[in-house]
Amino acid sequence: MGKRKELKDNDVEMGGTDPRVEGDESDEDMDIVNVDFEWFDPQPIDFHGLKVLLRQLFDSDAQLFDMSALSDMILAQPLLGSTVKVDGNESDPYAFLTVLNLQEHKDKPVIKDLISYLQRKASSNPDLAPLSQLLSQTPVPPIGLILTERLINMPAEVVPPMYTMLMEEIAWAIQDKEPYKFSHYLIVSKTYEEVESKLDMEDARPQKKKKKSSGKAERFYFHPEDEILEKHTRCFGSIEYTHKRDEGHSDSKRAFQELGISINGSLMLFDGDKLEGAINEMKAFLQPPV
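No experiment lies behind these values; they were computed from the predicted model shown. (Residues numbered from 1 in each chain as written. Predicted model: local features only at pLDDT ≥ 70, side-chain atom pairs only at ≥ 80, totals over all residues. Heavy atoms only, no water.)

### Quick word on the packing of aromatic side chains
- For the structure shown, the criterion picks out 6 aromatic pairs.
- Between Phe65 and Tyr117, the aromatic rings sit 5.0 Å apart at their centres with planes inclined by 90°, giving edge-to-face as the arrangement. Taken together, the positions of Phe65 in the loop between helix H1 (47–58) and helix H2 (67–75) and Tyr117 in helix H3 (residues 109–123) put the pair 52 residues apart, joining distant regions of the chain. As far as burial versus exposure is concerned, Phe65 and Tyr117 are alike and both buried.
- With 5.3 Å between their ring centres and 65° between their planes, Phe182 and Tyr185 make a pair best called edge-to-face. No difference in accessibility class separates Phe182 from Tyr185, as the two residues are buried.
- Through a chain of ring-to-ring contacts, the aromatic side chains of Phe58, Phe65 and Tyr117 assemble into a single cluster.
- Against the face of Phe40 rests Lys85, its NZ or CZ located 5.4 Å from the ring centre.
- Over the aromatic face of Phe222 sits the side chain of Lys190, whose NZ or CZ is 5.2 Å from the ring centroid. (Phe/Tyr/Trp six-rings, centres within 6.5 Å; stacked < 30°, edge-to-face > 60°. Helix = DSSP H or I, 4+ residues; strand = E, 2+ residues; numbered from the N terminus. Buried < 20%, exposed > 50% of the residue type's maximum accessible area, 1.4 Å probe, protein only. Lys NZ or Arg CZ within 6 Å of the ring centre and 35° of its normal.)

And the structure:
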């Protein structure tokens, strides 16, 4: 068992439509399930569950990386990061959050691959120029790579406790003179854009949290907290995956009756002293209703 566990009761929408999205759907379209969430430290039993979530996070480019090695790295620092489960300690994680020191692990093959990939992708987007410059340095600065993902039906309210605990754990690690004093933090996430669909069938939609950019395609968020976090970044931007999906895949990922979705990666770079303020605002934004 991990060093700490928290329990939270929550009414969670596990199907149907999102009540926070405007529309003409009736209440009958939603199923409400009462779920207890538990937070644990990463444990060896989580290996396969972490691999599944990591593949989901990196989407079609997951095949570029050794996800087994990346999962092992997460499990090698059990006092840093969290998993969220709903069926006790022995069950698979439904969500996770952790941070890896890119400088400390720069010589490990999977981190080498990640640094090269992230630098290459950042260099292709002018909005991410500061990140590209940082990742081009030799050695790479002490950047904390934050990896977090959850199953699609997991509520965003599980996220703030994970970030709060992560900040506490980093502070404790620094007190113990462990290598977790970061100059910057980099969060890997995903966004999507709407694309025309030829299908008539209806599918469940991801949460429609959006940011409008003049002259650019409208971006929507799989993780609604990203909309708040982006406001505190040094830079942020979307990246295209190396392995592109075929045209029919956008229909299989449909968010609306008329439209499918095209998924992109998302990178958010924070100065080391800015992340905590971003987390505090995100916590207020996602505070569950009383």
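### Here we look at the environment of Asp127
- With respect to the helices and strands, the residue Asp127 is situated in the loop between H3 and helix H4 (129–135).
- The class of Asp127 is partly exposed, set by a relative accessible area of 37%.
- For Asp127 and Ser238, which are 111 residues apart along the polypeptide, the C-alpha to C-alpha distance reads 8.8 Å.

### Looking at the nonpolar core
- Formed by 43 residues in total, the largest nonpolar core has its most connected members in Phe58, Leu70, Ile111, Leu131 and Leu147.
- Among the elements that line this core, the one with the most residues is H3, at 7 residues.
- Discounting chain neighbours no more than four positions away, the residues touching Leu131 are Ala122, Leu186, Cys235, Leu267 and Leu269.
- By size, the runner-up hydrophobic cluster in this structure holds 34 residues, among which are Val99, Met162, Phe182 and Ile279. (Core = buried A, V, L, I, M, F, W, Y, C linked by side-chain atoms within 4.5 Å. Contact = heavy atoms within 4.5 Å.)

### With respect to the side chain of Ser71
- Here Ser71 lies in helix H2.
- Ser71 gets classed as buried once you look at its relative accessible area, which sits at 0%.
- Sequence-distant contacts of Ser71, defined by excluding residues within four places in its chain, comprise Phe47, Leu50, Lys51 and Leu54.

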